[in-house]
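Structural overview
What follows is each chain in one-letter form.
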Amino acid sequence: MSSILEPELAAGYDRVRPLAGKPFRAACYAPFNSMYLDTFGLVRACCVNRRYVLGELTRQRLDDIWFGNRARSLRDAMVRYDLRMGCEFCEWQIRNGNFTDPRAHQASVHAKKYDGFGVERAEPPTERGAARYWPTNLEFNLSNTCNLECVTCNGEFSSSIRSRREKLPPLPRVYGDEFFADLEKYLVHVRSAQFLGGEPFLITEHFRVWEMMARQNTMEWVGILTNGTIWNDKVERVLATLPVTIAMSMDGVTKQTFEAIRTNAVYETFMENFRRFLAYCRGHKRQMGFNFTLSRLNQHEFADFLLFADSYDCDVNVCTLVFPEPMSLYTLPRAELAVVIRDFERRDDEMKRSLQRNRVVWDSALANLRNELRRSHETLPVAKQALVLEEAAAAPPSVAGEPERAVFAEAARPSRLIDGFASAPPLTPDQEEAGRRDALARLAAWSSTPVEQLLTGSGDVIERVENGSGSFLGLGVDLVGRTLEDLRSVLAEKLGHDWKVDDLEATGARIDRIMDLGVGTQRNAMLRAIILPRFGGADRLAGLRVLMARR
């Protein structure tokens, strides 16, 4: 679906955006004013765009990433309103018409969040005279440390799920002294920041950033999205030293629904801490909010949840759940989705009479579901890729003429191919070489075409292509610095979107996969890939080796 927005659609989208004072027009300002730092050390423009990675901090410095070629390419695309570089989710929201209500700053289009942050030029410009920019907003998701095992989450965002449900070893810590030294000069320009998780108040790296921010004393807004289970002296010190706005994740208004979804959480403890955070926010004249992940599990409580939030004058941000598919409203059969919409419509008059602060949230959520019903489910941006995307979040109170709102987005939640090798036993260099030779022999017996190889880092980012021709599989695309998901998209574009996949072997030590690509009955290519883990120092899983042949 991803494409360049048509001029008429782009103009309609821009009419409801707060663009006064912006030095130029862009479909999204995230690549110009924001960085998202994830649990694997990958840097992205935002939490939603998983496909186009700006860089990898395990092998690059922060300056090389922010002022690098990939960041500049994404900025150029945004000025052209070109959403083909990982921006499928926002294009889906725009083409669904989610932006048409000018009130709908929440739950509309994720990219609108970044309209609220400043665009600050950096001097000097590049050698070719192109403008450079400093980020004025940072989004931190530096660890998956979390004490909950929410049923809609996974091990990338919860250490408890990773160890107990997925039976995998802990993720490596990737943010060290070098990163924090590099971060120092960026904080001079940053005015707003958001801290996600995991549970932010359990993440050591987040406390280190908060200490740096307190010393610099330049922050205007610090958003923390908490699961509401933690209140202690360390939390109180953060609240005392920074301009913190709190949003609490709460996926049910009743104890039964809340605890069924947010495994390990205790409703009474959450409510006790809610009252503490609410008292803090009111005492400091800051807005408080909730994140509510709307799903099949809690849609029956959505209206009552908004009434509950309104009773405390708290904002609600509605997160869009796409995966796990059995829990998503957006993967319901059309007839069942229509029933959900009719249930919402039965309470529509009541909500219009009763809601004040969250009236637009109700209207937007209902409109979004109606829009989806009018469109084919096949237009979902990620459902076939097994991803979870969280919906738009409010910007901090820098949007002229709009009230301060407290809510902001959680991170997207897809999995990476490397995650499937997290439990692989460490290999010596000789063992790795033996595995590579065995894979070469298998592929040589399967196809007479040359075997091509690529190496990835810890975040599925391609570091090197080994084939002698410079063009992997003759695709004519430079893959270095792009992700394996980028490779999948290129293969789909070049060879066909209909994939028939047969796993000959899928273990923690090797994946051996045959892929038949084409469109409909026309089959264009058959590929076989053997994927092996690569290890670095201290037996650390460093990346993957992908060997592939075509016939």
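The structure displayed is predicted, hence computed values, not measured ones. Positions within a chain are numbered from 1, following the residues in the order the chain's sequence is written. This being a predicted model, a pLDDT of at least 70 is required before a residue's local features are given, and a value of 80 or more before pairs of side-chain atoms are given or counted; all residues contribute to the totals for chains, interfaces and linings. Think of the side-chain values as coming from all heavy atoms in the structure, minus any hydrogens and water.

Here we take up the pattern of salt bridges. Salt bridges, as used here, are contacts in which a Lys or Arg side-chain nitrogen is within 4 Å of a carboxyl oxygen on Asp or Glu. Per the stated rule, a full pass over the model turns up 43 salt bridges. D82 serves as the salt-bridge partner of R84, at 2.9 Å between the closest nitrogen and oxygen. Accessibility here uses a 1.4 Å probe with only protein chains present; expressed as a share of the type maximum, an area under 20% marks a residue as buried, one over 50% as exposed, and anything in between as partly exposed. The class for D82 is buried, based on a relative accessible area of 3%. One network of salt bridges, in which partners are shared, links D438, R442, E505, R510, D512 and R528.

On to the confidence of the model for the chain, then. A residue's pLDDT is simply how confident the predictor is in it, with values from 0 to 100. For the chain, mean pLDDT is 85; residues scoring 70 or higher make up 87% of the total. Secondary structure is summarised from DSSP: a helix means a run of H or I of at least four residues, a strand means a run of E of at least two, and numbering begins at the N terminus for each. When mean pLDDT is compared element by element in the chain, helix α12 (residues 302-311) scores highest at 98, while strand β14 (residues 498-506) scores lowest at 76. What makes two residues a contact is simply this: any of their non-hydrogen atoms within 4.5 Å. Across residues 382-405 the pLDDT falls below 50, and counting only partners more than four positions away or on other chains, this stretch makes 91 contacts in the model. Predicted confidence is poor over residues 410-414, with pLDDT under 50, and the contacts of this stretch with residues over four places away or in other chains come to 34 contacts.

Residues S34 and Y36 point to one face of strand β1 (residues 34-37) and M35 and L37 to the other, with burial holding for every one of them. Note on pairing: DSSP must find at least two bridges between two strands before they are called paired. For β1 and strand β6 (residues 137-140), the ladder comprises four bridges, and the chain directions are parallel. Residue L37 lies in a different strand from β6, and its bridge partner there is F140. Pairing geometry for β1 and strand β2 (residues 42-44), over two bridges, is antiparallel. Residue pairing across strands places L37 opposite V43, the latter belonging to β2. Linking β1 to β2, which pair antiparallel, is a turn of four residues; within it G41 sits at a positive phi near 85 degrees.

Every regular strand shows the same layout, with side chains that alternate between the two sheet faces. Going residue by residue along β6, you find N137 and E139 tucked away on one face and L138 and F140 tucked away on the opposite face as well. Bridge analysis of β6 against strand β7 (residues 192-195) gives four bridges, and the strand direction is parallel. Directly across from L138, in β7, lies its bridge partner A193.

Turning our eyes to something else, we now look at the sheet that holds strand β11 (residues 315-320). In spatial order, the strands read β3-β2-β1-β6-β7-β8-β9-β10-β11; together these nine strands make up an open sheet with mixed pairing. Because the sheet does not close on itself, it has two edges, and the strands there are β3 (55-56) and β11. As judged from the five bridges shared by strand β8 (residues 221-226) and strand β9 (residues 244-249), these two strands associate in the parallel manner. Across the sheet, residue I224 finds its bridge partner in β9, namely I246.

Right, let's talk about the environment of E301 for a bit. Along the polypeptide, E301 turns up in the loop between β10 (289-294) and α12. Here E301 falls in the buried class, since its relative accessible area comes to 6%. In this structure the C-alpha to C-alpha distance between E301 and T254, which are 47 residues apart in sequence, comes to 8.1 Å. What E301 contacts, discounting residues up to four positions off in sequence, is G252, V253, T254 and T257.

Here the focus is helix α11 (residues 267-283). Helix span is expected to be 1.5 Å times the residue number reduced by one. Under the 1.5 Å per step criterion, the end-to-end length of α11 is 24 Å for 17 residues, consistent within 8% with the ideal 24 Å. Looking at the buried side of α11, the elements it contacts are β8, α9 (233-241), β9, α10 (255-261), β10 and α12.

Here the bond from G197 into G198 is cis, since omega is 10 degrees, no more than 30 degrees from zero. Mapped onto the elements, G198 comes out in the loop between β7 and α8 (204-216). Its identity is not glycine, yet N217 carries a phi of approximately 55 degrees, on the positive side. Structurally, N217 is set in the loop between α8 and β8.

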